[in-house]
Amino acid sequence: MAAPQPPHIAILGAGIFVRNTYIPRFAEISNLFVLRESAINAVEIAKKSFPDVECKWGEAGLDEIIQDASIIGVAVVLAGQIQVDMSLRLLKAGKHVLQEKPAAASASELERAILSYASINQAPIWAVAENYRFEPAFVEGKKLMAEIGDIINIHVIIEGSMNSSNPYFSSSWRREFDGGFILDMGVHFISGLRMLVGCEVTSVSALTSHIDSTLPAPDHISSTIQLENGSSGVFVMVVSSRSPKVTWRIVGLKGTLQIERGAKDGKHGYTVVLYMADGQNKSWFYPFSGVTEELKTFLSDISLANLKKDGSYQVEPRLSFLEGARDVAVLDAMLESGKRQGVPIQVKKF
């Protein structure tokens, strides 16, 4: 097989995450691809690293991207309410898509999306960007799970910092999103949980509340979770706390694994700690690099898929739309249980 040429891609969207994260991370790996198109609000930033980038906007600009056969991949970084429809439009036009999380707004939208995608002959790659499955802390943490033996209990404690100093606080689409910041942010934490335990959440029972009137409802969720391997635990998420904390802790028969967000030597990332039965513990710190690793994987996958051209190339499983769908399904069940005052809800299988 011939070596793939650097793929030509476009970015749809010019919001905070495109300007602050996508373009800087893409700039780090600019030797791997050619950025052809970007939206008007992001193109000036993009030109610093990609001088040949063009600006397209509106329906006419989208049509030009769709008609341009040399553009094989599109990053869809738009409001959560419209991403699925836009992704499907591009996929049906033969473009590989990297869609920003969450995969969809609800389990019912997931079902429609998956059916629609399945109907595409020789379907291009549909990837969802959630980055936690590519963070070194979780890649290494998953390997360490063998050290702690059978799981006794899991608890995931998320105390976020979504206040007026956060650039996403005033984001209008997140405020109009059913599930608000819980769904938008929560998929990251569910993906970390699912990756570590290596099995699915089967049912949940949750209570939700709305205490902070500056945030959309709900701003808190407390849920018990049942896993298919028989173990259980809790998932607690507070959207905005005065003392932010992000921790996954899994207690096993032979030890405990903990992953906690923090900083070291001026770099933000995760500390992984392995507590063993003999009282000893080991710890490692991994700076954030998940977004870059995820983008590299997408670019590699679409290059290889473009060489095959018959729809047979399978995307790296950590990027697949199905993985993103399973994260949303867990939160969708929690939010539904919260609306029904804690009634146990089975998580939809995808």
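Residues numbered from 1 in each chain as written. Predicted model: local features only at pLDDT ≥ 70, side-chain atom pairs only at ≥ 80, totals over all residues. Heavy atoms only, no water.

Turning next to the sheet that holds strand β2 (residues 34-38). Strand pairing in a sheet is mediated by backbone hydrogen bonds. Such pairs are either parallel or antiparallel. Pairing in this open sheet of six strands is parallel, and the strands run β3-β2-β1-β4-β5-β6 from one edge to the other. Two strands close off the open sheet at either side, each with one partner strand: β3 (54-55) and β6 (126-129). Helix α9 (residues 290-308) contacts β1 (8-12), β4 (71-76), β5 (96-100) and β6 of the sheet and is inclined by roughly 160° relative to β5. (Pairing = 2+ DSSP bridges. Helix = DSSP H or I, 4+ residues; strand = E, 2+ residues; numbered from the N terminus. Contact = heavy atoms within 4.5 Å. Axes fitted to C-alpha atoms, helices over the stretch in contact; angles between N-to-C directions.)

Turning next to the nonpolar core. Residues Leu90, Phe138, Phe189, Phe235, Trp248 and Met334 are the most contacted members of the largest nonpolar core, which totals 78 residues. Per-element accounting of this core gives the leading share, 11 residues, to helix α8 (residues 180-197). Those residues in contact with Phe235, other than ones at most four positions away along the chain, are Val156, Phe189, Ile190, Ile221, Ser222, Ser223, Ile225, Leu331 and Met334. By size, the runner-up hydrophobic cluster in this structure holds 32 residues, among which are Tyr22, Ile72, Ala75 and Leu98. (Core = buried A, V, L, I, M, F, W, Y, C linked by side-chain atoms within 4.5 Å. Buried < 20%, exposed > 50% of the residue type's maximum accessible area, 1.4 Å probe, protein only.)

Further remarks concern the UniProt feature "domain: GFO/IDH/MocA-like oxidoreductase" (unreviewed entry) in the chain. Under the UniProt annotation, the feature "domain: GFO/IDH/MocA-like oxidoreductase" (unreviewed entry) is placed at residues 147-257. Taken end to end, residues 147-257 is 20% helix and 46% strand, and its two terminal C-alpha atoms sit 9 Å from one another. (UniProt positions renumbered as here; feature names shortened; annotations may be inferred.)

Further remarks concern helix α1 (residues 16-28). Here α1 contains 13 residues, and its C-alpha end-to-end distance of 18 Å stays within 8% of the 18 Å for a straight helix at 1.5 Å per residue. The largest bend along α1 measures about 30° and falls at Tyr22, with the proline Pro24 one to four residues further on. Listed as buried for α1 are Val18, Thr21, Tyr22, Ile23 and Phe26. (Expected span 1.5 Å × (residues − 1). Bend = angle between axes of the 7 residues up to and from the residue.)

Attention now moves to the packing of helix α4 (residues 83-92) against helix α5 (residues 107-118). Where α4 meets α5, the axes come as close as 11 Å, and the angle between the chain directions of the two elements is 5°. The orientation of α4 relative to α5 falls into the category roughly parallel. Here Val84, Leu88, Leu91 and Lys92 of α4 lie close against α5, whose contacting residues are Glu109, Ala113, Ser116 and Tyr117. Across the contact of α4 with α5, the residue classes break down as five nonpolar, one polar and two charged. (Parallel < 35°, antiparallel > 145°, perpendicular 65-115°, else oblique. Nonpolar A, V, L, I, M, F, W, Y, C, P; charged D, E, K, R; others polar.)

Further remarks concern the packing of aromatic side chains. Between two aromatic rings, the relevant description is the distance of the centres plus the angle of the planes. Going through the model one piece at a time under the given rule, you end up with 15 aromatic pairs. Ring geometry for Tyr270 and Phe288: centres 5.1 Å apart, planes at 75°, overall edge-to-face. Note that Tyr270 is positioned in strand β13 (residues 267-276) and Phe288 in the loop between β14 (281-287) and α9, a separation of 18 residues in sequence. Relative accessible area serves as the criterion here: at 32%, Phe288 is assigned to the partly exposed category. Counting every residue linked through ring pairs, the aromatic cluster contains Tyr132, Phe138, Phe189, Trp248, Tyr270 and Phe288. When the ring centre of Phe169 is taken as reference, the NZ or CZ atom of Arg175 above it lies at 4.6 Å. Here the guanidinium or amino end of Arg249 rests over the ring plane of Tyr275, the centre of that ring lying 5.2 Å away. (Phe/Tyr/Trp six-rings, centres within 6.5 Å; stacked < 30°, edge-to-face > 60°. Lys NZ or Arg CZ within 6 Å of the ring centre and 35° of its normal.)

This part is about the side chain of Ser223. With respect to the element layout, Ser223 can be found in strand β9 (residues 220-227). On the basis of relative accessibility, which here comes to 2%, the residue Ser223 falls in the buried class. A distance of 3.4 Å separates a polar side-chain atom of Ser223 from the backbone oxygen of Ser205. Dropping the residues within four chain positions of it, Ser223 is found in contact with Val204, Ser205, Ala206, Gly233, Val234, Phe235 and Met334. (Polar contact = N/O pair within 3.5 Å; in protein donor to acceptor, adjacent residues only side chain to side chain.)

Let us look at helix α6 (residues 136-144). Ala137, Phe138, Gly141 and Leu144 are the residues of α6 that are buried. The arc that holds every buried residue of α6, seen down its axis, measures 115°, which confines them to one face. (Arc of directions from axis to C-beta.)

In this chain, Lys101 is followed by Pro102 through a cis amide linkage whose omega measures -5°. Tracing the backbone shows Pro102 in the loop between β5 and α5. For the bond from Ala217 to Pro218, the omega torsion is -15°, close enough to zero to count as cis. Checked against the element boundaries, Pro218 lands in the loop between β8 (201-209) and β9. Although it is not a glycine, Gln122 adopts a positive phi angle of roughly 50°. Within the secondary structure, Gln122 sits in the loop between α5 and β6. Judged by relative accessible area, which is 48%, Gln122 ranks as partly exposed.

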